[in-house]
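The primary structure of each chain is shown beneath.
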Amino acid sequence: MFWVLLLLLAWAVAGTACTRLCLAAVRAAAVDTRAAMAGQGRDLTLYEAAFLSGGPRRVADLTLVSMARQRRLLLAHTGWATVVDPRGRDEMERSVIGAIGPEGQSRIEPVRDAAAAADAVGTLADRLVSAGLAVPDGARSGVTAAIRRVRLAGAVVLALGAVALLTPVQSDLPAHLVALWFALPFVLTLSCLAIARIEVHPYARWASPAGQRMLGALVRHSGGEGDRRYLTSVAVRGVRAIGEPELRAAFGHREPHHQASRGQDRPPRSR
C-alpha cells in the first residue's frame, strides 16, 4: 500500500496550496469591500486614473503629455524634453521639472523613470491603497505567489502519481484505479487555477476591482472632445492614445547606445 502514502502526500500538497490561494483571494476581497465603501461619493482624478491603469510610469507619462499640451513643456520627436515654464502647478509637475534638471533640458526616458519614482507618486499610491482602490504590493505578490504554489502542487501530484504507478510494489488495486485516485487532487489544483483566472486575476494588476469599476465610470462620463477627454484617454490607455505623431514619437524614442550621440540629436533650446 505504498501508493496510499503517496496519495496522502499528494492530497496534503494540493490541499495546502489551494487553501493558501483561497486565503489570498479572501484577503483581496476584503480590501475590495472596504474600497467599495470608501469610494462612494468621489471621483477619480486623472493622476489617480493613470496610476490605477498603468502604475507610476503612466502617471509620469500623463504629466508630460499634459504639460506639453499646455505648451509649458516641449517634447521633441528626437526624445528630448525642454522646460518652457519652470513653475510646476502641482507636485507631479514639480517632480517632472526637477527630474529634467537645472539645465531645463533632458532626454525623456530618464525623466519618465525619475518622475515615476518621485515622492509625489509614492504618496498618490499610498492614498489609493488606503482607499482600497489600488492593490498593495504585498497583496499583489501574495496572490501571485499563491498561484505559483498551486501550479507547483499540480506538478508534484503528477510526479507522485507517476512514482506510484511505476514503483514495482504489489497492489490489489488495478493501475487505472490508482491513477484515478491521483487524478482527484490534480483536478482540485486545476479547478483552483481556473477559478483564480476568473476571480483572482483582477487583483494582480494595479487597480483592485473597485478601482477598475471607478475607472470604467470615469471613461463613460468623460464625454466631449475637449482636453479632459484627451487626457483621460492617455491616463487609461497610455501613450498609444496620443493622437499627434510627433508627440507619440517622442515617447517611442529610446536612449542612444552611445553617450557620444548625445550632442547629435539634441534639440535647440526654446527662447
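Conventions we followed
Per-chain numbering applies: the sequence of each chain, read as written, is numbered from 1 onward. Selection of residues for local features in this predicted model requires a pLDDT of at least 70, selection of side-chain atom pairs for listing and counting requires 80 or more, and totals for whole chains, interfaces and linings are taken over all residues. Hydrogen atoms and water are omitted, and side-chain values are computed over all heavy atoms in the structure. Throughout, an axis means a line fitted to C-alpha atoms (over the contacting stretch in the case of helices), and angles, computed between N-to-C directions, take values from 0 to 180 degrees. A helix here means a DSSP run of H or I that spans at least four residues, while a strand means a run of E at least two residues long, and both kinds are numbered starting from the N terminus. Between 65 and 115 degrees an angle is taken as roughly perpendicular, under 35 as roughly parallel, over 145 as roughly antiparallel, and anywhere else as oblique. A clockwise turn of the near helix away from the far one marks a right-handed crossing, whereas an anticlockwise turn of less than a right angle marks a left-handed crossing. Here, residues are in contact when the closest pair of their heavy atoms is within 4.5 Å. Here the term cavity refers to a set of points on a 1 Å grid, laid over the protein atoms alone, in which a 1.4 Å probe fits but cannot get out; the term pocket refers to an open set having protein on both sides within 12 Å along at least five of seven lines, with lining residues being those that place an atom within 4 Å of a point. Grid points are joined across faces, edges and corners, and a volume is the space filled by probe spheres set on the points. Classes in brief: Ala, Val, Leu, Ile, Met, Phe, Trp, Tyr, Cys and Pro nonpolar; Asp, Glu, Lys and Arg charged; the others, Gly included, polar. Whether two strands pair comes down to DSSP finding at least two bridges between them.

J.: Before we go on, may I ask you to explain the packing of helix α3 (residues 56–69) against helix α5 (residues 108–116) in this structure?
T.: Helix-helix packing is described using two parameters, namely the angle between the two axes and the distance between the axes. At their nearest, the axes of α3 and α5 sit 8 Å apart, and the two run at 120° to each other. Overall, the two elements α3 and α5 adopt an arrangement that is oblique. Of the two possible hands of crossing, α3 and α5 adopt the one that is right-handed. For the pair formed by α3 and α5, the contact residues are P56, R57, A60, D61 and L64 on the first element and I108, E109, V111, R112, D113, A115 and A116 on the second.

J.: Honestly, the layout of surface pockets in this entry has me stumped. Any pointers?
T.: By rolling a water-sized probe across the atoms, one finds the places where empty space is left. Reported here for the largest pocket is a volume of approximately 270 Å³. Surrounding the largest pocket, 13 residues form its lining, A68, R71, L74, L75 and L247 being those nearest its centre. Counting only elements with at least two residues in the lining of the largest pocket, the list comes to α3, β1 (73–75) and α11 (245–252). The element that contributes the greatest number of residues to the lining of the largest pocket is β1, accounting for three residues. Taken together, the residues of the lining of the largest pocket break down into seven nonpolar, one polar and five charged.

J.: I keep staring at the sheet that holds β1 and nothing clicks. Help me out?
T.: Read from one edge of the open sheet, three strands run β1-β2-β3, paired in antiparallel fashion. Every interior strand has two partners, whereas the edge strands, β1 and β3 (105–107), have only one. On average, adjacent strands in this sheet sit at an angle of 20° to one another, irrespective of strand direction. Relative to β3, strand β2 (residues 80–83) runs antiparallel, the two sharing three bridges. Directly across from A81, in β3, lies its bridge partner S106.

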